[in-house]
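Chain residues, written in single-letter form:
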Amino acid sequence: MQKNIIIYGLIAGIVVSILMLFSVNYISHVEGKVDYNTSLLIGYASMLIAFSLVYIGIRNYRDKYNGGVISFGKAFKTGAMIVLIASTIYVVAWLIDYFFFIPDFMEKFSAQELDKLKSSGASQIEIDKETKEMANFTNMYKNPFFNAMMTYMEILPIGLIVTLISSLILKRKTARK
């Protein structure tokens with residue numbers, strides 16, 4: 001089981017990290033307006049693509065190593081471990097990218113969010129409040145531990161949802177003939 005978890009976790013982690021690094025670095029170096037909503041959509045779609053390997057990893061373990069049988073609990077444990085490995089690779093890739101290559105990412109993101117708020121007709125009080133909140137968050141995000149925690153919170157829930165669904169679909173009490 002461990003070999004299966006490691007292989008699928010590494011592949012999923014590499015896939016999601018490469019897609020994230022490509023999209024984030026592309027957006028970070030484009031001059032002019034950047035659509036962060038589109039970037040978020042691409043990011044979460046790449047997570048779903050990478051986490052399709054959770055389904056494949058659980059099924060592979062069930063069929064090749066467990067005689068075609070797997071309980072929900074064992075399937076969930078297998079999937080969760082794959083997700084944890086993939087998520088850790090993603091977090092490490094993000095931390096390296098953020099701190100060494102795009103340390104101004106949050107400043108750019110905050111500026112765009114504040115521009116959207118201003119163009120929506122928000123009052124100066126709302127703008128000032130949001131400016132202060134964004135500045136505080138940007139400052140906290142410079143802490144590697146806080147940054148890692150926030151990045152895990154971005155990817156882990158998606159992986160656990162995929163794991164839950166995959167475990168429900170793949171659980172099997174008796175082997176098929």
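Residues numbered from 1 in each chain as written. Predicted model: local features only at pLDDT ≥ 70, side-chain atom pairs only at ≥ 80, totals over all residues. Heavy atoms only, no water.

Engineer: What am I meant to see in the overall build of the protein chain here?
Structural biologist: Counting its secondary structure elements, the protein chain contains six helices and zero strands. Listing each helix as α and each strand as β along the protein chain from the N terminus yields α-α-α-α-α-α. In terms of C-alpha radius of gyration, the protein chain reaches 20 Å, well past the compact-globule figure of 16 Å for 177 residues. Structurally, the protein chain occupies a C-alpha span of about 70 × 30 × 25 Å along its principal axes. In the protein chain, buried positions account for 38% of the 177 residues. Contacts in the protein chain between residues at least 24 apart in sequence constitute 84% of all its contacts with a sequence separation of at least 6. About 10,400 Å² of surface is accessible on the protein chain, with carbon and sulfur atoms providing 68% of the total. Across the protein chain, 18 positive and 13 negative side-chain charges occur, with their mean positions spaced 23 Å apart. (Helix = DSSP H or I, 4+ residues; strand = E, 2+ residues; numbered from the N terminus. Rg over C-alpha atoms; globule rule 2.2 N^0.38 Å. Buried < 20%, exposed > 50% of the residue type's maximum accessible area, 1.4 Å probe, protein only. Contact = heavy atoms within 4.5 Å. Areas by Shrake-Rupley, 256 points an atom, 1.4 Å probe, with all protein chains shown as cover. Lys, Arg positive; Asp, Glu negative; His and termini not counted. Charge placed at Lys NZ, Arg CZ, Asp CG, Glu CD.)

Engineer: What am I meant to see in helix α2 (residues 36-65) here?
Structural biologist: An α-helix turns once per 3.6 residues; consequently, residues spaced three or four apart project the same way. Compared with the 44 Å implied by 1.5 Å per residue over 30 residues, the 43 Å span of α2 between its first and last C-alpha is a close match. Phi for G67, located one or two positions after α2, is positive at around 65°. (Expected span 1.5 Å × (residues − 1).)

Engineer: Looking at this structure, how should I read the confidence of the model for the protein chain?
Structural biologist: Reading fine detail from the predicted coordinates is not recommended where pLDDT is low. A residue-level look at the protein chain finds 93% of positions with pLDDT of 70 or above and a mean pLDDT of 90. Taken element by element, the predicted model of the protein chain shows its lowest mean pLDDT in helix α4 (residues 105-119) (86) and its highest in helix α6 (residues 144-170) (97). (pLDDT = per-residue confidence, 0-100.)

Engineer: Help me understand the side chain of T151 in this model?
Structural biologist: Position of T151 among the secondary structure elements: in helix α6. Since its relative accessible area comes to 1%, T151 is described here as buried. In this structure T151 touches Y90, V91, W94 and Y141, once residues within four positions along its chain are discounted.

Engineer: In this structure, what is going on with the packing of aromatic side chains? I would like to understand it.
Structural biologist: The description of an aromatic ring pair uses the distance of the two centres, along with the angle that the planes make with each other. Across all of its chains, the model carries nine aromatic pairs by this definition. Ring plane angle 80° and centroid distance 5.4 Å describe the contact between W94 and F105, whose orientation is recorded as edge-to-face. Taken as a pair, W94 in helix α3 (residues 72-100) and F105 in helix α4 lie far apart in primary sequence, 11 residues in all. As far as the burial class goes, W94 and F105 line up, both buried. Taking the centre distance of 4.9 Å and the plane angle of 85° together, the rings of Y98 and F99 count as edge-to-face. When its relative accessible area of 1% is taken as the criterion, Y98 is described as buried. (Phe/Tyr/Trp six-rings, centres within 6.5 Å; stacked < 30°, edge-to-face > 60°.)

Engineer: Which parts of the structure should I look at to understand the pattern of salt bridges?
Structural biologist: When the charged atoms of two side chains with opposite charge come close together, those side chains can pair. Applying the stated criterion across every chain yields a total of five salt bridges. D104 is the salt-bridge partner of K108, the closest N and O atoms lying 3.6 Å from each other. On the basis of relative accessible area, K108 is assigned to the partly exposed category, the value being 34%. The residue E113 makes a salt bridge to K116 at a minimum N-O spacing of 3.2 Å. With E113 and K116 both in helix α4 and three residues apart, the pair spans about one turn of that helix. The exposure class assigned to K116 is partly exposed, which follows from its relative accessible area of 34%. (Salt bridge = Lys/Arg side-chain N within 4 Å of Asp/Glu carboxyl O.)

Engineer: Explain the layout of surface pockets to me, please; I cannot follow it from the model alone.
Structural biologist: Gaps left between atoms are located by rolling a probe of water-molecule size over the structure's atoms. Size it by volume and the largest pocket reaches roughly 530 Å³. L40, W94, F105, Y141 and E154 are, among the 21 residues lining the largest pocket, the residues nearest its centre. Those elements that place two or more of their residues in the lining of the largest pocket are α1 (2-28), α2, α3, α4, α5 (124-141) and α6. The dominant element in the lining of the largest pocket, judged by the number of residues it contributes, is α2, at seven residues. Grouping the constituent residues of the lining of the largest pocket by class yields 15 nonpolar, five polar and one charged. (1 Å grid on protein atoms, 1.4 Å probe; cavity = no way out; pocket = protein on both sides within 12 Å on 5 of 7 lines; lining within 4 Å. Points joined across faces, edges and corners; volume = space filled by probe spheres on them. Nonpolar A, V, L, I, M, F, W, Y, C, P; charged D, E, K, R; others polar.)

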